[in-house]
Amino acid sequence: MKTLRFVLSFSLALALGIALNTKIGSVPPLGKFLSPFHGFWQNAENEPIDLSSNEVNDGLTDSVNIYFDELYIPHVFATNESDLFFAQGYVTAYHRLWQMEFQLYSAAGRLAEILGPEIGSTSLVEIDRQMRRIGLMYGAKQSEEKFKKEEPEVYALIESFSLGVNAYIDQISYKDLPIEYKLLDYKPEEWTPLKCFLLIANMNNMLSRGEMDLEHTNALKKWGRETFDILYPERPEVVDPVIPSGTKFDFDPIVVEKPDVSFPLEFTNPIINKPDPDNGSNSFVVNGEKTANGRVILTNEPDLSLNAPSIWYIMHLNSPTINVMGATLPGGPGVIIGFNDSIAWGNTNAKRDLVDWYYIQFKDQKRDEYLYNGNWVPTKKVVEEIKVRGSFSYYDTIVYTHHGPVVYDRTFNGERSDITNLAMKWTAHEASKEIKALYLGNKAENYDEFVEAFQYFAGPPQNYSFAAVNGDIALWINGKFPVKWEEQGKFLMDGSNIDHEWKSYMPHSHNLHVKNPPQNFVSSANQHAADTLYPYYQFDYNYEYYRGRRINDRLRVMDDIEVEDMMALQHDNFNYNAFEALPMMLDSLDSASFTDLEWNYYNRLKAWDYFNEADRQAPSIYEVWWRKLNSKLWDEIDSSDVKVYRPNWYNTVDILKNKPGFKMIDNQFTEVVETSGDLYRQTFKETIESLEEYLEKEDNSLLWYQFKNTTIRHLLRISPFNKEKVKIGGNRSIVNAASATHGPSWRMVVELGDGEVNAWGVYPGSQSGNPGNPTYGHMIDDWASGEYNKLLFRKTLSPNDPEIKYNVTLTPNK
């Protein structure tokens, strides 16, 4: 049936595919594309797994067995690590080759090379220029060189992984290429170890590049310190941090005194594209004191873009020295989130400002020298060739300072001659060893080995949760953190002033961590890392204020916990924002003048229990009211002539509740002084009008899942390859953080104890990335409804085991 659906709907995809290629000046070779023997028809597979046993010409030393279970998860069994990682590369390419390549074309600034100069009004050349200028490839090359010199044994395993990818590429013909290659009319290129390092750099781009330094500078210059501190406070009283409050720190911190400096308050506009601010995660672990059977339970769910193919690829890797299972990133060796025979781990994004911007003063228009510490220092220039399909190459000269690349200059996002040169300093530009950390972490057997492994993890910084079969639980914030004085890097800094430099990095032992805390659980959900007892300056513009509080509220009162209870908490739909905001919004309304229609909407909201369940209507009504209230309240920000940003939801509620005289509540363009009550009443009426108009359209509904329309989107945004209106509750800032296009990209629960490891998992997609595969997207409904799959994890498997559906053997061609 899925094959038929694929063929019938493909006319739409074909039309879009031709449109895409027309825009880039190159229509696919339609004869070959439409051929029943070689073209897109070959992508409509009859079997979930059509991979055959194969002889491999180069890279293997012994046979490798790959067993596919009922979920089509590969269990790779090899006699040595080199062959193990070779096979990981091979089988990952079988299921996800196009995804692996495409995401790194984007990270390397090469989209125009395959898609042409533009799509619609979007310039791909400018997007590629930004990716080159922020330095992902620059950082990846630094890390690869460091690995070659200092970690030859691990680098050899990365080479084995790459050989495995290439072995798969070398043996496929045009008919076997993923459909996206045929739509866009290009072929896969050789995989290199550098691409594995670029994958880590791309993780940094998603998870550690977020900042608002230039927006802060604009806001401070535009409105002054008093207004700035009201809009963007660093530490509200409600903070329930990752590391339990009151934790004592037994070390002598590195002390940096704040110098007597002033920031270069200059407006900057426009601002480069930023990562999705909703990128985050939840992870929580309980020890045996809180569970019914005395075992420890670890959960994790990274909240990221809901893509097809999925961000994650699940795999089991086994050799005499490794037995590990979990979520891998297609394109890199090892397991990112998972478990082995002794431990389990998960991670959430550790919020910290790791990008700083420096104003650069060049000596002259040649930009050969820049001012630093009273001297003219030479720059380094790199000419980047951006190949453009169907057109001439574009050449972009990037100037490097010791701070980092000059991203903003007279040719890129610079509109004022006196403020065009801004250099970007970012920890991701520096050489690092995350792949070694993951490799050692996959093999770790206890807490001490886990800590030892992840001292090599520089970024993106993560809150690593930990559980072990011996009953230990812990949480470590792993990453490379500069030691900063208060507000250093919060605003645009002076690149010529040595006092604005990062002076040192925190020792790994000073990174925040806790083991076996008295509360008998650990958790993280992208909130503040610690209370004010921690002696280092902590800052990020985008801490989370709801999910962490809800998780901790529940864990403090939960006892006799079972696996199903932890699963239920992952799917918790309590809307903390509505719980704190809606009562004051409803109380402000003038019910004496209500119409029948207004009473209807009011009563539905009044009766709501604040849970965003999929089949409720009240969440939809509240969502529209909250959006309109924010738009009315922050109109000065939205219409600002320089780039600034709205306060977070928690602070918005605090301002409305506790600062009724704040000047932005009043509409400055009217003679009447508006209050928060006026805003509530105006926007309540506007909400009803908007929703009534919405309901006039056929098939529109206020059921939350339909209104929210959670969609699993193909990376090329091809409609037949998407899954729309997934029946799931939740929303951003809810534990079940499933919004329209963002949410739990992998849910995992692991129970450890009594010498056993049991695990469950699910994600919104499928192992196969082929839209023509009969299993495409087959786990989405289970993911949405809260069903989990028991994960097959044993030290030995055979083709005769009832759970094994397919068996493939790779053998060396001797």
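Preceding this section is the structure that the text describes.
Report follows, based on the coordinates. Values in this document were obtained by computation on a predicted structure and should not be read as measured data.

### Quick notes on the packing of helix α6 (residues 136–150) against helix α9 (residues 193–207)
For the pair α6 and α9, the least separation of the axes is 8 Å and the interaxial angle reads 130°. The pairing of α6 with α9 is recorded here as oblique in orientation. As α6 packs across α9, the resulting crossing turns out to be right-handed. Of the residues in α9, those in contact with L136, M137, A140, K141, S143, E144 and F147 of α6 are P193, L194, F197, L198, A201, N202 and N205. Looking at the contact of α6 with α9 residue by residue, the classes come out as 9 nonpolar, 3 polar and 2 charged.

### Points about the sheet that holds strand β2 (residues 64–69)
The 11 strands are arranged β1-β30-β2-β3-β9-β10-β11-β12-β20-β21-β23 in an open sheet whose pairing can be described as mixed. Whereas interior strands pair on both sides, the edge strands pair on one side only; in this sheet they are β1 (54–56) and β23 (513–515). For this sheet, the mean inter-axis angle between neighbouring strands, taken without regard to orientation, is 20°. Taken together, the 3 bridges between strand β21 (residues 473–478) and β23 define a ladder with antiparallel strand orientation. Paired with L475 across the bridge in β23 is V514. Packed on one face of the sheet, helix α3 (residues 81–107) meets β1, β2, β3 (74–77), β9 (313–319), β10 (322–328) and β30 (804–812) and runs near 160° to β9.

### Quick word on a negative patch on the surface
On the surface, D341, E445, D448, E449 and E452 cluster together into a patch of negative charge. Tracing the backbone through its elements, the reader meets D341 in the loop between β11 (337–340) and β12 (343–349). According to the relative accessible area criterion, D341 is partly exposed, its value standing at 30%.

### So, α6
Working note: α-helix, 3.6 residues per turn, so residues spaced by three or four point in the same direction. Between its first and last C-alpha atoms α6 spans 21 Å; for 15 residues at 1.5 Å apiece the expected length is 21 Å, and the two agree. All buried positions along α6 are accounted for by L136, G139, A140, S143, E144 and F147. One side of α6 holds all its buried residues, which, seen down the axis, span an arc of 135°. Looking at the packing, one finds that the buried side of α6 touches α3, α5 (124–134), α7 (152–171), α9, β19 (422–426) and α12 (434–443).

### Quick notes on the nonpolar core
With 181 residues, the main nonpolar core has L51, V76, W312, F339, W357, W746 and W783 as its most contacted residues. Here this core gets 15 residues from one element, more than from any other, and that element is α3. Excluding anything up to four places from it in sequence, W357 contacts E211, D213, L214, I272, V407, Y408, L422, A423, M424, F491, L492 and M493.

### Brief notes about the pattern of salt bridges
Taken as a whole and judged by the stated rule, the model has 51 salt bridges. For E189, the salt bridge is made with R110, and the minimal N-O distance between the two is 2.8 Å. With a gap of 79 residues between them, E189 in the loop between α8 (179–184) and α9 and R110 in the loop between α3 and α4 (111–115) connect regions that are remote in the sequence. When its relative accessible area of 25% is taken as the criterion, E189 is described as partly exposed. Using a relative accessible area of 19% as the deciding quantity, one classes R110 as buried. D240 is the salt-bridge partner of R556, the closest N and O atoms lying 3.1 Å from each other. One end of the pair, R556, is in helix α14 (residues 547–557); the other, D240, is in the loop between α11 (225–231) and β6 (280–286), and 316 residues separate them in sequence.

Each value, and the rule that gives it
Residues numbered from 1 in each chain as written. Predicted model: local features only at pLDDT ≥ 70, side-chain atom pairs only at ≥ 80, totals over all residues. Heavy atoms only, no water. Axes fitted to C-alpha atoms, helices over the stretch in contact; angles between N-to-C directions. Helix = DSSP H or I, 4+ residues; strand = E, 2+ residues; numbered from the N terminus. Parallel < 35°, antiparallel > 145°, perpendicular 65-115°, else oblique. Left-handed = near helix turned anticlockwise from the far one by under 90°. Contact = heavy atoms within 4.5 Å. Nonpolar A, V, L, I, M, F, W, Y, C, P; charged D, E, K, R; others polar. Pairing = 2+ DSSP bridges. Patch = residues over 30% accessible without salt bridge, like charges linked within 9 Å, V, L, I, M, F, W, Y side chains within 5 Å. Areas by Shrake-Rupley, 256 points an atom, 1.4 Å probe, with all protein chains shown as cover. Salt bridge = Lys/Arg side-chain N within 4 Å of Asp/Glu carboxyl O. Lys, Arg positive; Asp, Glu negative; His and termini not counted. Charge placed at Lys NZ, Arg CZ, Asp CG, Glu CD. Buried < 20%, exposed > 50% of the residue type's maximum accessible area, 1.4 Å probe, protein only. Expected span 1.5 Å × (residues − 1). Arc of directions from axis to C-beta. Core = buried A, V, L, I, M, F, W, Y, C linked by side-chain atoms within 4.5 Å.

All we've got here are geometric facts, nothing functional implied.
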